[in-house]
Amino acid sequence: MSTATRTNPLAFLTDQLNDLKARGTHFKLRVLEDEQEPVCTFDGKKVINLASNNYLGLTTHPLLREAALEATRKYGVGSGAVRTIAGTMKIHMELEEKIARFKNVEACVVFQSGFTANAGTVSAFLGKEDFIISDALNHASIIDGARLSRAKILVFEHKNIAQAEEKLASVNNEPGKKLLITDGVFSMDGDIGPLPALCDLAEKYGAIMMVDDAHSSGVLGRNGRGTIDHFNVHGRVDIQVGTLSKAIGALGGYVCGTRDLIDFLYHRARPFLFSTSHPPSVAATCIAAFDVLENEPERIEKLWENTRYWKKELGLLGFDIGGKTTPASETPITPIILGDGKLTMEFSRELFQEGVLGTGIAFPTVPEGKARIRTIMTATHTHDQLQQALEKLKKVGKKMGVLA
Ligand SMILES: *Cc1c(COP(=O)(O)O)cnc(C)c1O
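Residues numbered from 1 in each chain as written. Predicted model: local features only at pLDDT ≥ 70, side-chain atom pairs only at ≥ 80, totals over all residues. Heavy atoms only, no water.

Draft legend 1. Here's a closer look at the overall build of the protein chain. Scanning the protein chain from N- to C-terminus turns up 14 helices and 13 strands. For 404 residues, the compact-globule estimate of 2.2 N^0.38 gives 22 Å, and the C-alpha radius of gyration of the protein chain, at 22 Å, lies within 12% of that figure. The principal-axis extent of the C-alpha atoms belonging to the protein chain is close to 65 × 60 × 55 Å. Here the protein chain, with 404 residues, has 53% of them falling under the buried criterion. Taking the intrachain contacts of the protein chain between residues at least 6 apart in sequence as the baseline, contacts between residues at least 24 apart amount to 70%. By element, 53% of the accessible surface of the protein chain is carried by carbon and sulfur atoms, the whole surface being about 18,400 Å². (Helix = DSSP H or I, 4+ residues; strand = E, 2+ residues; numbered from the N terminus. Rg over C-alpha atoms; globule rule 2.2 N^0.38 Å. Buried < 20%, exposed > 50% of the residue type's maximum accessible area, 1.4 Å probe, protein only. Contact = heavy atoms within 4.5 Å. Areas by Shrake-Rupley, 256 points an atom, 1.4 Å probe, with all protein chains shown as cover.)

Below you can see the structure in the form of structure tokens.
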């Protein structure tokens, strides 16, 4: 058969995209033309950036940049293999040791991303006879790992401890392993997971306790040690996941725990076994980033000062910044809840025209009817930039009938 007469077997994709367009939630990727900074250029337009996870401004920190360049000069641009074949470089081991010391745990393994750290870990040590008790708003990488493991997934309502206990109790007599798992900070609402109460439950029911600290690494706890440190539940969380892609400014994910947990993951975590390790520049960058966390705590203080100011001013303008129909943010992630998906996407586009980048987030990333502009504060936004952004938000808010 000639290609000319062959019908396109992917035509259904066009239908689905047209459906998104009709609902107003189709988007184009915004393209950054310079550095990830509080003011930068997307699609040829200079904007105030309220959308980045670059909490501490480390993506452009001179020490990190120099570390990457030096490692590239010394060791080249790639690792050449997966970790278990020939792709474990000394610098990979140094980073893992550095993180383990920082987190005050026995050992650490670094993955290519936070996503692979979660998905690779959950699927490595659970099987179909096991149970995963999971918060309804946990990150997609946890959900995918849970599905890959084929364990039974019991979802409890967001932060509902009583329901988490019911789920644990319901499988208490089953022989399988139980994993109780939560995000440390929830990525769309910015609220903090109830770690002490969940640790109590894990201990009461003999469950494995796991926390995903992607948005808390570099943000919460002493020098950004995360929610385990924030709540002082050291020794009560068996598996701590973090990311190197957000506040740390580079790329990667890691798992911290006992030496045996890490050794097991070296043998069984599929992204570790089947996907090439980081270039040496990435490992070197991350090592430098942990030095910055130790040596420049003022960055974290500034992050929180900006966060307090931002939340206060957005509230004064009259925006719903969570706490009514959605969880109340406790961190630099501050959603502006608009509800309707189409309105939210229009709001985001209008804001961009005014010179502010605030990403619109709609279903299925957040529940239907809870669409929002997700803003994230960083340590490097200046007071002037924040005031300008607030002016623009006010203008667009009034124009679109969101503010009175
Ligand atoms: C971003 C995020 C991840 C994934 O981290 P990457 O390093 O970007 O892959 C995992 N969990 C949560 C809660 C996140 O917000």
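Draft legend 2. Focus on the environment of glutamine 388. Mapping glutamine 388 onto the fold places it in helix α14 (residues 383–399). Residue classification places glutamine 388 among the partly exposed residues on the basis of a relative accessible area of 46%. Spatially, the C-alpha atom of glutamine 388 lies 9.4 Å from that of glycine 355, the residues being 33 residues apart in sequence.

Draft legend 3. Layout of the layout of surface pockets. If you add up the space inside the largest pocket, you get close to 1,300 Å³. Along the wall of the largest pocket there are 49 residues; nearest its centre are Phe27, Met345, Thr359, Gly360 and Ile361. When contributions to the lining of the largest pocket are tallied by element, the ones reaching two or more residues are α1 (11–23), α13 (341–353), β11 (356–357), β12 (359–361) and β13 (371–376). For the lining of the largest pocket, the element with the highest residue contribution is α13, accounting for six residues. Looking at the lining of the largest pocket residue by residue, the classes come out as 17 nonpolar, 21 polar and 11 charged. When its volume is computed, the second largest pocket comes out at roughly 370 Å³. Along its surface, the second largest pocket is lined by 19 residues, and Leu137, Met188, Thr365, Val366 and Pro367 are the ones closest to its centre. (1 Å grid on protein atoms, 1.4 Å probe; cavity = no way out; pocket = protein on both sides within 12 Å on 5 of 7 lines; lining within 4 Å. Points joined across faces, edges and corners; volume = space filled by probe spheres on them. Nonpolar A, V, L, I, M, F, W, Y, C, P; charged D, E, K, R; others polar.)

Draft legend 4. Molecular detail of the nonpolar core. Core analysis: the largest hydrophobic core is formed by 39 residues, its most contacted members being Tyr55, Leu56, Leu95, Ile99, Leu244, Tyr254 and Phe290. The set of elements that each furnish at least two residues to this core consists of α2 (62–75), α3 (90–103), β3 (107–111), β9 (253–257), α11 (280–295) and α12 (298–317). Here the element with the most residues in this core is α11; it accounts for 10 residues. Of all hydrophobic cores here, the second largest spans 24 residues; its members include Ile132, Ile142, Ala146 and Leu265. (Core = buried A, V, L, I, M, F, W, Y, C linked by side-chain atoms within 4.5 Å.)

Draft legend 5. Main features of unusual backbone geometry. Proline 364 follows phenylalanine 363 through a cis peptide bond whose omega is 10°. Looking at the secondary structure, you find proline 364 in the loop between β12 and β13. You will see that asparagine 104, though not glycine, has its phi angle at about 60°, which is positive. Relative to the helices and strands, asparagine 104 is located in the loop between α3 and β3.

Draft legend 6. View of the packing of aromatic side chains. This structure, assessed with the given rule, holds four aromatic pairs. Seen from their ring centres, phenylalanine 111 and phenylalanine 272 are 6.3 Å apart, and the 70° between their planes marks the pair as edge-to-face. Placement of the pair is phenylalanine 111 in strand β3 and phenylalanine 272 in helix α10 (residues 270–274), with a sequence separation of 161 residues. In this structure, phenylalanine 111 and phenylalanine 272 share a single accessibility class: buried. Where phenylalanine 319 meets phenylalanine 347, the ring centres are 6.4 Å apart and the plane angle is 80°; that geometry is what we call edge-to-face. With a gap of 28 residues between them, phenylalanine 319 in the loop between α12 and β10 (333–339) and phenylalanine 347 in helix α13 connect regions that are remote in the sequence. Judged by relative accessible area, phenylalanine 319 falls into the buried class, the value being 4%. (Phe/Tyr/Trp six-rings, centres within 6.5 Å; stacked < 30°, edge-to-face > 60°.)

Draft legend 7. Focus on the domain arrangement of the protein chain. We note that the domain assignment places domain 1 (23–52 + 297–399) and domain 2 (61–295) within the protein chain. Taking only C-alpha atoms into account, the centre of domain 1 sits 27 Å from that of domain 2. Carbon and sulfur atoms make up 59% of the surface buried where domain 1 meets domain 2, a total of about 1,600 Å² over both sides. Contact with domain 2 buries area across many residues of domain 1, yet Ile300, Pro327 and Ile333 alone supply 29% of it, more than any other trio. (Domains from an automatic or database assignment. Buried area = accessible area lost by both parts, 1.4 Å probe.)

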